[in-house]
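Take a look at the letters that make up each chain.
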Amino acid sequence: MNNLIDDQEKALQILKNKGEITIKELAELLGITTEGARFQIMKLDSNGLVKSENRSKGRGRPKQFWSLTAKGHSRFPDAHAEMTVKLIEKIRTSYGEAMLEEVINATSADNRANYSRQITTNDSLSSKVEKLAAIRDREGYMANAREQEDGSFLLVENHCPICSAAKVCQGFCRAELQTFREVLGENVEVERVEHILSGARRCAYVVKEK
């Protein structure tokens, strides 16, 4: 029984990191049979954690792609979500937007100082992006980075542990992007190309030298 539960949790992790996926692909990543993967998906589906869509990719019959539902995404922690949202609303109503902006700026300054201790100006761009991804991954963003064919880098965050806070105050997202730009250096361009708050399943940033 524990192995079945473990496979379900692994399946959720895979779907969170990979996005939509076929049962055959899931089976390969789990190291189990296709029927075993189908069983896990059906269990997750019965609990409302996944959804499917039939779609054609090229020629041939349509394939069934599986992805997480909103309930499935909620299985991944949103750090102290309810308390954070209440604090934001309390600051906003009691002290105004200016004070809330000060809180965001102070948090950003702490993050910049922390990141800058680990990412130096002497690091190559590749090293900077890899270190930033590692830091963000430790902070719960399920982050990774890779170099693209054009020489730029793609920094991906498959989860946002402060999503609830960001929904009620998008200043956090603005400050986060600015922090990346300052930490990676003035000769580096950082562009957010996917955004969870805009409906994407993840946040993604293209990083390249100017």
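Residues numbered from 1 in each chain as written. Predicted model: local features only at pLDDT ≥ 70, side-chain atom pairs only at ≥ 80, totals over all residues. Heavy atoms only, no water.

Overview of the nonpolar core
Under the convention used in this document: Definition used in this section: a nonpolar core is a set of buried Ala, Val, Leu, Ile, Met, Phe, Trp, Tyr and Cys residues joined via side-chain atoms within 4.5 Å. Per-residue accessibility, obtained with a 1.4 Å probe over protein chains only, is compared with the maximum for each type, and a residue is labelled buried under 20%, exposed over 50%, and partly exposed between these values. Each helix is a run of H or I in the DSSP string that is no shorter than four residues. Each strand is a run of E no shorter than two, and both are numbered from the N terminus. Whether two residues touch is decided by their heavy atoms; if any such pair falls within 4.5 Å, the residues are in contact.
Residues L132, F180, V190, Y205 and V207 are the most contacted members of the largest nonpolar core, which totals 23 residues. For this core, the secondary-structure elements that each account for two or more residues are α7 (125–141), β4 (153–157), α9 (171–184), β5 (188–194) and β6 (203–209). If one sorts the elements of this core by residue count, α7 sits on top with 6 residues. When residues no more than four places from it in sequence are discounted, the contact partners of Y205 are F153, L154, L155, E157, E176, L177, F180, V190, E191, R192 and V193.

So, the layout of surface pockets
For clarity, the threshold we go by: Buried and open spaces are told apart on a 1 Å grid over the protein atoms alone, a cavity being a set of points where a 1.4 Å probe fits but cannot get out and a pocket being an open set with protein on both sides within 12 Å along at least five of seven lines. Residues with an atom within 4 Å of a point are the lining residues. Grid points are joined across faces, edges and corners, and a volume is the space filled by probe spheres set on the points. Each residue gets one label: Ala, Val, Leu, Ile, Met, Phe, Trp, Tyr, Cys and Pro are nonpolar, Asp, Glu, Lys and Arg are charged, and the others, such as Gly, are polar.
Looking at the second largest pocket, its volume works out to about 320 Å³. Lining the second largest pocket are 15 residues, with K16, H73, C163, K167 and I196 positioned closest to its centre. Counting residues per element, the ones that place at least two in the lining of the second largest pocket are α4 (70–73) and α8 (163–168). In terms of residue count, α8 provides more of the lining of the second largest pocket than any other element does, 3 residues in total. Looking at the lining of the second largest pocket, its residues break down into 6 nonpolar, 5 polar and 4 charged.

Notes on the environment of L29
Within the element layout of this structure, L29 appears in helix α2 (residues 23–30). In this structure, L29 is in contact with I14, K18 and I21, ignoring residues within four places of it in sequence.

Some thoughts on the sheet that holds β6
Consider a sheet: its strands pair through backbone hydrogen bonds, and that pairing is either parallel or antiparallel. To keep things clear, this is the line we draw: Pairing between strands is defined by DSSP: at least two bridges between the two strands are required. Only the stretch in contact is used when fitting a helix axis, every axis being a line fitted to C-alpha atoms; angles between N-to-C directions are given from 0 to 180 degrees.
Overall, antiparallel pairing links the 4 strands, which are arranged β3-β4-β6-β5 in an open sheet. If you trace the sheet from one side to the other, it starts and ends with β3 (143–147) and β5, each paired once. Each strand axis lies, on average, 20° off the axis of its neighbour in the sheet, ignoring direction. Pairing of β5 with β6 involves 6 bridges; the strand directions are antiparallel. When the sheet's bridge partners are listed, E191 is paired in β6 with V206. Sitting on the sheet, α9 is in contact with β4, β5 and β6, with an inclination near 150° to β5.

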